Amino acid sequence: MIEQEQLSLIYVSHQGCSVCHSLLPQIERVLEDYPLITSIHVDSDEVKEVAGLLAVFTVPAVLVFSKGRELFRKAHFVPIEELRQQLAKYSQALN
C-alpha cells in the first residue's frame, strides 16, 4: 500500500495505550475529509514487525506516505490541526 498509493496514512497503536484509543476517532474524523487517502490502523501488539519496519519507537504514531516516500510523521503527541493542514497541503499538491 505504501509503495502504490498516491497518499496513504498509517496509524500505529498499542492495545494498552489510552492515548491511542482516544486519538483514533479524531484521526478517523480528519480522514473523512480526504476520501482519496488510503488509511490503515495497525495494532503493534498484533503485528509486532510494524515497529521495526516503520521505525516506530513510541505510539500512537501517524505516518503519511506518497508512493513510498514518507511525507509526515508524528508520534506520541499528534496535533490534529497540524495533521489536517498537512493532509490538505498534500492532497492539494496531488490534484
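Residues numbered from 1 in each chain as written. Predicted model: local features only at pLDDT ≥ 70, side-chain atom pairs only at ≥ 80, totals over all residues. Heavy atoms only, no water.

**Q** For this particular structure, what's the right way to read the pattern of salt bridges?
**A** Charged atoms that come close allow side chains of opposite charge to pair. Evaluated as defined, the whole model comprises four salt bridges. Across the salt bridge formed by Asp33 and Arg84, the nearest N and O atoms sit 2.9 Å from each other. Taken together, the positions of Asp33 in the loop between α1 (18-32) and β2 (38-43) and Arg84 in helix α3 (residues 80-94) put the pair 51 residues apart, joining distant regions of the chain. Residue classification places Asp33 among the partly exposed residues on the basis of a relative accessible area of 49%. A relative accessible area of 25% means that Arg84 is categorised as partly exposed. Between Arg84 and Glu81 there is a salt bridge, with the nearest N and O atoms lying 3.9 Å from each other. Taken as a pair, Arg84 and Glu81 lie in helix α3 at a separation of three residues, close to a single helical turn. Exposure remark for Glu81: the relative accessible area of 47% places this residue in the partly exposed category. Salt bridges sharing partners connect three or more residues here, namely Asp33, Glu81 and Arg84. (Salt bridge = Lys/Arg side-chain N within 4 Å of Asp/Glu carboxyl O. Helix = DSSP H or I, 4+ residues; strand = E, 2+ residues; numbered from the N terminus. Buried < 20%, exposed > 50% of the residue type's maximum accessible area, 1.4 Å probe, protein only.)

**Q** Would you explain the sheet that holds strand β4 (residues 69-75) in this entry?
**A** Hydrogen bonding along the main chain pairs the strands of a sheet, whether they run parallel or antiparallel. Here we have four strands laid out as an open sheet, ordered β2-β1-β3-β4, and mixed in their pairing. Each having just a single partner strand, β2 and β4 make up the two edges of the open sheet. Across the sheet, the mean angle from the axis of one strand to that of its neighbour is 15°, orientation sign disregarded. α3 contacts β1 (8-13), β3 (61-66) and β4 of the sheet and is inclined by roughly 170° relative to β4. (Pairing = 2+ DSSP bridges. Axes fitted to C-alpha atoms, helices over the stretch in contact; angles between N-to-C directions. Contact = heavy atoms within 4.5 Å.)

**Q** Hey, could you run me through the side chain of Ser8 in this one?
**A** With respect to the helices, strands and loops of the structure, Ser8 is situated in strand β1. The class for Ser8 is buried, based on a relative accessible area of 0%. Excluding its chain neighbours within four sequence positions, the residues that come into contact with Ser8 are Met1, Ile2, Ile37, Thr38, Leu63, Val64 and Phe65.

**Q** Could you clarify how one ought to interpret α3 in this entry?
**A** The α-helix winds at 3.6 residues per turn, so residues separated by three or four positions along the chain end up facing the same way. An ideal rise of 1.5 Å per residue puts 21 Å on 15 residues; α3 measures up with 21 Å between its terminal C-alpha atoms. Residues of α3 that are buried sit in contact with β1, α1, β3 and β4. (Expected span 1.5 Å × (residues − 1).)

Taken by themselves, the reported measurements are silent on function.
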